[in-house]
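Examining the three-dimensional arrangement
Read off the chains here:
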Amino acid sequence: LGPEDMAVLVASDGIWQVITPQQAAGIVARFPADSAMEAAGALADEAVRRWFARSQGQVIDDVTVVIAYLARRSRAPSEDLASTMSLLSSPCSEVSGPSDGTSAPPTPAA
């Protein structure tokens, strides 16, 4: 990591199979650090959208996103790191299919 790095993005293969690292960075970069949940949700939602388009709603891999925004060096070293970092895991785009074994396309979980 370097001084220009703003966040660490960790995601499941369900993200990386349909979104490049550059695309993911572009999606996350649209959001400020205090909107980490929205950034993770936007990335997860885009992956789900691409899975549905790619497989016509028949297949989707797990989609999990964790974003850790990094503290800026301008903050005093004595500040609590927890107040300068947003860490989240966003299962906002979990999907489920029918439990009866039919082949109906999966729908977003509530």
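Only a predicted model underlies this, so the values are computations on that prediction, with no experimental measurement involved.

Procedures and definitions
Residues numbered from 1 in each chain as written. Predicted model: local features only at pLDDT ≥ 70, side-chain atom pairs only at ≥ 80, totals over all residues. Heavy atoms only, no water. Buried < 20%, exposed > 50% of the residue type's maximum accessible area, 1.4 Å probe, protein only. Helix = DSSP H or I, 4+ residues; strand = E, 2+ residues; numbered from the N terminus. Arc of directions from axis to C-beta. Contact = heavy atoms within 4.5 Å. pLDDT = per-residue confidence, 0-100. Salt bridge = Lys/Arg side-chain N within 4 Å of Asp/Glu carboxyl O. Expected span 1.5 Å × (residues − 1).

1. A look at helix 2 (residues 21-29)
Inspection of helix 2 places Ala24, Ile27 and Val28 among the buried residues, and these make up the whole buried set. Buried residues of helix 2, seen end-on, are gathered within an arc of 95° and therefore sit on one face of the element. For helix 2, the exposed residues lying more than 90 degrees away from the buried face are Gln22 and Ala29. Buried-residue contacts for helix 2 involve strand 1 (7-11), helix 1 (13-16), helix 3 (36-55) and strand 2 (65-69).

2. Regarding the confidence of the model for the chain
Per-residue pLDDT for the chain has a mean of 74; in total, 65% of the residues score no lower than 70. Looking at the elements of the chain, mean pLDDT is at its lowest for strand 3 (residues 87-90), recorded as 35, and at its highest for helix 1, recorded as 95.

3. A word on the pattern of salt bridges
In this structure the tally under the stated criterion is 2 salt bridges. Three or more residues are tied together by salt bridges with common partners; here these are Glu46, Arg49 and Arg50.

4. A look at helix 3
With 20 residues, helix 3 extends 29 Å from end C-alpha to end C-alpha; this agrees with the ideal 28 Å at 1.5 Å per step. What helix 3 keeps buried is the set Ala36, Ala39, Ala40, Gly41, Ala42, Leu43, Ala44, Glu46, Ala47, Val48, Trp51 and Ser55. Two residues or fewer after helix 3 comes glutamine 56, characterised by a positive phi angle close to 55°.

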